[in-house]
Amino acid sequence: MTGFIVIGAVGLAVVLVSLVLGEVFEGIFDAFDLDFGGGIFSGPVLGSFLAAFGFGAALIMFATGAGATLGALGGLASGGVVGGIALAIMRTLINMPTDETVTTTSLEGTPGTVITRIPPQGYGEVTIRHHGKLHKYNARAEEELPAGTQVEVTVVLSSSSVMVKRAEDA
């Protein structure tokens, strides 16, 4: 029974280490190049299986007085169930759809409003709604644009500045 408790403790340690170290710990499993199975050889799945196997077998042996063989079979069943649940969770997380990465290059053609006058040879400020959030950018234009003018982004100059033109010119 002590051997099963040790196996369960090792499995629990694998789960905890994979939660704390995450990608660093997963790199160890990547070294074995076991990519098939969609996460079946990930730290959380293996750790969950080992913990449920070890503690399940020890619990069965303690509660029923059964031998090591019967305990191991029950441990395999409990490990399979808990490991399967962990695998389902891992696959869900791995295949989760995510939003498009927000980049400033996708600003071209976006409408905005001048909030600080843009002089002919200098910078002013515009607000632009981008991916549902209101952002403020430094802005240049070929002509002077007073505050309140509706504009459209023509070129992204940097991550914090854009070139704009009047929206009517679009």
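Because the structure is a prediction, the values reported are computed rather than measured.

Looking only at helices and strands, the protein features four helices and five strands. Its helices and strands taken in sequence order, the protein reads α-α-α-α-β-β-β-β-β from the N to the C terminus. Expressed as a percentage of the 170 residues in the protein, the buried residues total 32%. For the protein, contacts bridging at least 24 residues in sequence account for 50% of all contacts bridging at least 6. Only carbon and sulfur atoms are counted for the fraction: they give 65% of the accessible area of the protein, which is about 10200 Å².

Our next topic: helix α3 (residues 43–64). Taking 1.5 Å of rise per residue, the 22 residues of α3 would be expected to cover 32 Å, and the 31 Å separating its terminal C-alpha atoms lies within 8% of that figure. Gly 65 sits one or two positions beyond α3 and adopts a positive phi of about 75°.

All right, on to the sheet that holds strand β1 (residues 111–116) then. The strand order around the closed barrel built from five strands is β1-β2-β3-β5-β4, with neighbouring strands paired in mixed fashion. Across the sheet, the mean angle separating the axes of adjacent strands is 55° when strand polarity is ignored. As paired strands, strand β4 (residues 150–156) and strand β5 (residues 161–166) are joined by five bridges and run antiparallel to one another. Among the inter-strand pairings, Val 151 is bridged to a residue of β5, identified as Arg 166.

Evaluated as defined, the whole model comprises three salt bridges. With a closest N to O distance of 3.2 Å, Glu 144 and Arg 117 form a salt bridge. Here Glu 144, found in the loop between β3 (133–141) and β4, pairs with Arg 117, found in the loop between β1 and β2 (124–130); they are 27 residues apart in sequence, far enough to count as distant. Given the relative accessible area of 40%, Glu 144 is considered partly exposed.

Bringing the nonpolar core into the picture now. One finds Leu 107, Ile 118, Val 126, Ile 128, Leu 145, Val 162 and Val 164 to be the most contacted residues of the largest nonpolar core, which totals 14 residues. Secondary structure elements with two or more residues in this core: β2, β3, β4 and β5. Setting aside residues no more than four positions away along its own chain, Val 126 makes contact with Thr 113, Val 114, Ile 115, Ile 118, His 135, Lys 136, Tyr 137, Ala 139, Val 151 and Val 162. Phe 4, Phe 53, Ala 58 and Met 61 belong to the second-largest nonpolar core, a separate cluster that totals five residues.

It is worth spelling out the packing of aromatic side chains at this point. Summed over all chains, the structure comprises two aromatic pairs. Ring-pair connections join several aromatic residues into one group, and the members of that group are Phe 4, Phe 49 and Phe 53. Here the guanidinium or amino end of Arg 140 rests over the ring plane of Tyr 123, the centre of that ring lying 5.2 Å away.

Our focus in this paragraph is the pairing of β4. Bridge analysis of β1 against β4 gives three bridges, and the strand direction is antiparallel. Paired with Gly 112 across the strands is Val 151, a residue of β4.

Axis separation between helix α1 (residues 2–21) and α3 bottoms out at 7 Å; the angle between their running directions is 155°. It follows from the interaxial angle that α1 and α3 lie roughly antiparallel. Here the hand of the crossing between α1 and α3 comes out left-handed. Of α3, the residues touching α1 (which contributes Phe 4, Ile 5, Ile 7, Gly 8, Ala 9, Gly 11, Leu 12, Val 14, Val 15 and Ser 18) are Gly 43, Pro 44, Gly 47, Ser 48, Leu 50, Ala 51, Phe 53, Gly 54, Phe 55, Ala 57, Ala 58 and Met 61.

What counts as what
- Residues numbered from 1 in each chain as written.
- Predicted model: local features only at pLDDT ≥ 70, side-chain atom pairs only at ≥ 80, totals over all residues.
- Heavy atoms only, no water.
- Helix = DSSP H or I, 4+ residues; strand = E, 2+ residues; numbered from the N terminus.
- Buried < 20%, exposed > 50% of the residue type's maximum accessible area, 1.4 Å probe, protein only.
- Contact = heavy atoms within 4.5 Å.
- Areas by Shrake-Rupley, 256 points an atom, 1.4 Å probe, with all protein chains shown as cover.
- Expected span 1.5 Å × (residues − 1).
- Pairing = 2+ DSSP bridges.
- Axes fitted to C-alpha atoms, helices over the stretch in contact; angles between N-to-C directions.
- Salt bridge = Lys/Arg side-chain N within 4 Å of Asp/Glu carboxyl O.
- Core = buried A, V, L, I, M, F, W, Y, C linked by side-chain atoms within 4.5 Å.
- Phe/Tyr/Trp six-rings, centres within 6.5 Å; stacked < 30°, edge-to-face > 60°.
- Lys NZ or Arg CZ within 6 Å of the ring centre and 35° of its normal.
- Parallel < 35°, antiparallel > 145°, perpendicular 65-115°, else oblique.
- Left-handed = near helix turned anticlockwise from the far one by under 90°.

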